[in-house]
Protein chains: 2
Amino acid sequence: MDTQAEIEDFILNGHLRYVPHVSIDCAIFGYHEQQLKVLLIKHKYIEGWCLPGGYIKRTETLVQAANRNVMERTGINNLFLQQFKAFGDPGRARINEFDEEKWFRVTGVRVTKNNWLIDQTISIGFYAITDFSRSVPKPDMMSEDCAWFDIDNLPKLEFDHDEMVKEALHTMRVQLYHYPIGYNLLPEKFTLTEIHALYETLLGKKLDISNFPKKLMALGLLKKLNEKRSIGPHRSPHLYVFDKDAYDKALKEGVVLS
Amino acid sequence: MDTQAEIEDFILNGHLRYVPHVSIDCAIFGYHEQQLKVLLIKHKYIEGWCLPGGYIKRTETLVQAANRNVMERTGINNLFLQQFKAFGDPGRARINEFDEEKWFRVTGVRVTKNNWLIDQTISIGFYAITDFSRSVPKPDMMSEDCAWFDIDNLPKLEFDHDEMVKEALHTMRVQLYHYPIGYNLLPEKFTLTEIHALYETLLGKKLDISNFPKKLMALGLLKKLNEKRSIGPHRSPHLYVFDKDAYDKALKEGVVLS
DNA sequence: TTGTTATTTTGTAAAATTTACTAAATAAAA
DNA sequence: TTTTATTTAGTAAATTTTACAAAATAACAA
């Protein structure tokens, strides 16, 4: 979606391919070396930053729509992805502030007030987690920028997206105790210290350095390798990999981490 | 919404007052004397039973829409109400089976295929809990029956409503440990045995008769009264009431029950 | 008035889990 | 060989959960 013809077609005929009045918004959390970030985009049409999002094709499921959106913004497929809440309070989208001239300047298309895009929209929130160092943030056709922001240094977001981030973060932190996490976020082979740091960062709190790795091991998701990693003048830590079968089973059936 | 004029107006002009393409569906759980039921409705237009639901007014929030719907079906206001998931997979509503003649027979209105009601719809699922003995089930204008069904003796439901009930029940049972429950479900003054039975029934499992009441008390939501209830040739149990302040605080901030 | 009975309620020991802390093992570099 | 920072195993204390026993009780019948 980039050429002017495509933009025009989306604006004028999008309602035939997408479900009107419903969108998805994605809180994409990015982790790397003990840093937690969120991906934001800057609309051409709007002043501030907001969460990436989009419409749902009439032929795809909600999860597919969210996955497509996350893929388009980060270039990464098949992330851990969860629906967390639908947002639909009237006034959340500020459609009353519609400015035909501005739309024309930005899109090059004459948009009238009865266009399918200019109407009340209910948005379904998803969150995803990825390794931000592997991603290539890419704006969509309606936005001019797309970048990672530190989780505790976010700008004021547009619409109800502040609340969305808050809810997404809360849900993510609760679900960390009930789903396995780490795949795609850690190197193929990793140390207990690395996965410990991952959990600490995502949860935003300290976890006992001696007990937490034991709890992780007790879940039975990790396989200990006969290899160690050299980390300078210190004891070399063992390397681990995820047991893919146990991991996928845990994704389906859930786990309990205390 | 009952007269023919109102039905006709809803079908022909509803898209002006309601948000098209989005609906809500409510799994309304009913409790009374150790029985757990679900409220189902039977559409005039559709063969089997399904969850009650409806559209969202352009002026109301999602929760208001759900509450209005629950109120219309049960006659009871202000129940414990929670959003649990949005459902939007294509094909879930079977709009391809649209039958103009049948719609006319049922509604007395000539509905064409481009009507706002005949299109892909994404539904936001809410669940609620009420005392079914106090409710007066009432069909909506599109349905011919509305009745309580035993939770473990449900008929096969239409659309994706089997999955909705399953998800609603699962979410409800998880949230029972994180929100206070019992208000409106028990008499104003109740015994520990009664609230114990409530939890057992909603959770669908046994809870230790000696330890569970202690856990409940530990939450600090109950006030012990200086009254007892006569229950025949047995020790008279104490009566309790909810501490409204603590209860409301717990509703907002959550509790932890083990 | 006194036992009988079923239920409520308190008490407590055992079991299990979590937490806090100690110390041994280790590997590279000085 | 010693130093050093980190990994990792071990364990005792603290806490929580569970299981079970027994006391309290109130209506009724004898």
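Refer to the structure above for everything that follows.
My aim in this report is to walk through the structure given alongside it, one point at a time. Keep in mind that what you see is a predicted model, and the values were worked out from it rather than measured.

### A word on the state of the cysteines
By definition, a disulfide links the sulfur atoms of two cysteine residues through a covalent bond. Residue and element names in this part refer to chain A. Within the structure shown, the criterion is met by 0 disulfides over all chains. Of all cysteine sulfurs, the one in C146 lies closest to C50, which takes part in no disulfide; the gap is 10 Å. Residue C50 is classed as buried on the basis of its relative accessible area of 1%.

### A word on the interface of chain A and chain B
With 21 residues of chain A in contact, the opposing surface of chain B contributes 21 residues. Each partner contributes to the roughly 1700 Å² buried at the junction of chain A and chain B, and carbon and sulfur atoms together form 60% of this total. Note that A:D119 is salt-bridged to B:R58, the shortest N-O span being 2.8 Å. Summed over the shared surface of chain A and chain B, the number is 6 residue pairs in polar contact (both at pLDDT 80 or more). Among the secondary structure elements, those contributing two or more residues to the side of chain A that touches chain B are β1 (18–32), β5 (80–87) and β6 (122–131) of chain A. A per-class count over the side of chain A that touches chain B returns 10 nonpolar, 6 polar and 5 charged.

### Focus on the environment of B:G48
Residue and element names in this part refer to chain B. Its place among the elements puts G48 in the loop between β2 (35–43) and β3 (49–50). Assessed through its relative accessible area of 14%, G48 is described here as buried. Apart from the residues lying within four places of it in its own chain, the contact partners of G48 are I41, K42, H43 and E158.

### Digging into unusual backbone geometry
All names here are of chain A. A positive phi is found at N78, a non-glycine position, where the angle reads about 60 degrees. Mapped onto the elements of the fold, N78 is located in the loop between α2 (62–74) and β5. By relative accessible area, which is 62% here, N78 ends up exposed. You will see that F159, though not glycine, has its phi angle at about 55 degrees, which is positive. For F159, the position within the fold is in the loop between β7 (143–150) and α4 (161–175). Relative accessible area serves as the criterion here: at 27%, F159 is assigned to the partly exposed category.

Calculation criteria
Counting from 1, residues in each chain are numbered in the order their sequence is written. The order in which chains are written sets their letters, starting at A; the order in which ligands are written sets their numbers, starting at 1. Totals for whole chains, interfaces and linings use every residue, but because this is a predicted model, local features are given only for residues with pLDDT of at least 70 and side-chain atom pairs only at 80 or more, for both listing and counting. Only hydrogens and water are removed before side-chain values are computed, so all heavy atoms of the structure are retained for them. We call a pair of cysteine sulfur atoms a disulfide when they lie within 2.5 Å. Each residue is placed in one exposure class: buried if its accessible area under a 1.4 Å probe, protein chains only, is under 20% of its type's maximum, exposed if it is over 50%, and partly exposed if it falls in between. Two residues form a contact once any of their heavy atoms are found within 4.5 Å. Once two parts are joined, some of their accessible surface, as seen by a 1.4 Å probe, is lost; buried area is that loss totalled over both. Whenever Lys or Arg places a side-chain nitrogen within 4 Å of a carboxyl oxygen from Asp or Glu, that contact is recorded as a salt bridge. Here a polar contact means two N or O atoms within 3.5 Å. Within protein one must be a hydrogen donor candidate and the other an acceptor candidate, and residues neighboring in sequence count only if both atoms are side-chain atoms. What counts as a helix is a DSSP run of H or I of at least four residues, what counts as a strand is a run of E of at least two, and both are numbered from the N terminus. Under the grouping applied here, Gly and all other residues not named as nonpolar or charged are polar, the nonpolar ones being Ala, Val, Leu, Ile, Met, Phe, Trp, Tyr, Cys and Pro and the charged ones Asp, Glu, Lys and Arg.

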